[in-house]
Amino acid sequence: MRYFNTLRQQMVAALESRRLLADSQRRAHREEIIRDITSKIRNATTIDDIMKTTVTELGKVVGTSRGKIVLGAPTTAPPKNGGNTTNKAGDSTPDNEV
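The model shown is predicted, which means the values in this text are computed figures rather than measured ones.

Peer 1: Even after reading the chapter, I still don't get the confidence of the model for the protein chain, so can you show me in this structure?
Peer 2: Detail in the predicted coordinates should be disregarded across regions flagged by low pLDDT. Per-residue confidence for the protein chain gives a mean pLDDT of 83; residues scoring 70 or more make up 78%. No element of the protein chain has a lower mean pLDDT than strand β3 (residues 92–94), at 50, and none a higher one than helix α1 (residues 2–43), at 95. This model gives residues 94–98 a pLDDT under 50, and the stretch forms 12 contacts once residues within four places in sequence are excluded.

Peer 1: Is there a simple way to think about the packing of α1 against helix α2 (residues 47–62) in this case?
Peer 2: What describes two packed helices is the angle between their axes and the distance between those same axes. For the pair α1 and α2, interaxial distance at closest approach is 9 Å and the crossing angle is 160°. The angle between α1 and α2 falls in the class roughly antiparallel. Of the two elements, α1 crosses α2, and the hand of that crossing is right-handed. Contacts between α1 and α2 involve Ile33, Ile37, Lys40 and Ile41 from the first element and Ile50, Thr53, Thr54, Glu57, Leu58, Lys60 and Val61 from the second. The residue inventory of the contact of α1 with α2, partitioned by class, reads six nonpolar, two polar and three charged.

Peer 1: Whenever I open this one, the packing of aromatic side chains confuses me. Can you help?
Peer 2: Any pair of aromatic rings gets described here by the distance separating the centres and the angle formed by the planes. As enumerated under the stated definition, the model contains one aromatic pair in all. Ring centres of Tyr3 and Phe4 lie 5.5 Å apart, and the angle between their planes is 70°; on these two criteria the pair is classed as edge-to-face.

Peer 1: When you look at the pattern of salt bridges in this model, what are you seeing that I'm missing?
Peer 2: A side chain with one charge can pair with a side chain of the opposite charge if their charged atoms come near. Applying the stated criterion across every chain yields a total of five salt bridges. A salt bridge links Asp23 to Arg19; the shortest N-O distance between them is 2.9 Å. Taken as a pair, Asp23 and Arg19 lie in helix α1 at a separation of four residues, close to a single helical turn. Among the salt bridges present, the one from Glu57 reaches Lys40, with a minimum N-O distance of 3.4 Å. Here Lys40 lies in helix α1 and Glu57 lies in helix α2, a separation of 17 residues in the sequence.

The rules behind these values
- Residues numbered from 1 in each chain as written.
- Predicted model: local features only at pLDDT ≥ 70, side-chain atom pairs only at ≥ 80, totals over all residues.
- Heavy atoms only, no water.
- pLDDT = per-residue confidence, 0-100.
- Helix = DSSP H or I, 4+ residues; strand = E, 2+ residues; numbered from the N terminus.
- Contact = heavy atoms within 4.5 Å.
- Axes fitted to C-alpha atoms, helices over the stretch in contact; angles between N-to-C directions.
- Parallel < 35°, antiparallel > 145°, perpendicular 65-115°, else oblique.
- Left-handed = near helix turned anticlockwise from the far one by under 90°.
- Nonpolar A, V, L, I, M, F, W, Y, C, P; charged D, E, K, R; others polar.
- Phe/Tyr/Trp six-rings, centres within 6.5 Å; stacked < 30°, edge-to-face > 60°.
- Salt bridge = Lys/Arg side-chain N within 4 Å of Asp/Glu carboxyl O.

Below you can see the structure in the form of structure tokens.
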């Protein structure tokens with residue numbers, strides 16, 4: 001009986017170690033992505049480049065081909081079709097033309 005208890009404890013410890021390793025690997029991968037995005041944004045030379053790079057890189061992470069950055073705090077609701085959307089290529093087009 002003692003043998004089975006020891007074996008069970010070792011299995012529990014091995015499974016917990018495996019879970020912790022997987023968590024650490026996910027965290028390291030996420031930190032690498034953040035570091036890469038941050039580096040690309042820091043290398044941008046203009047505000048437009050910063051915005052395009054931000055939209056492009058975050059779009060890759062979340063799996064979308066389009067994104068939008070709205071600057072400022074509007075006091076009224078933003079227009080439904082009056083905003084701009086930036087796609088992965090960095091092209092800025094009105095929402096109603098996308």
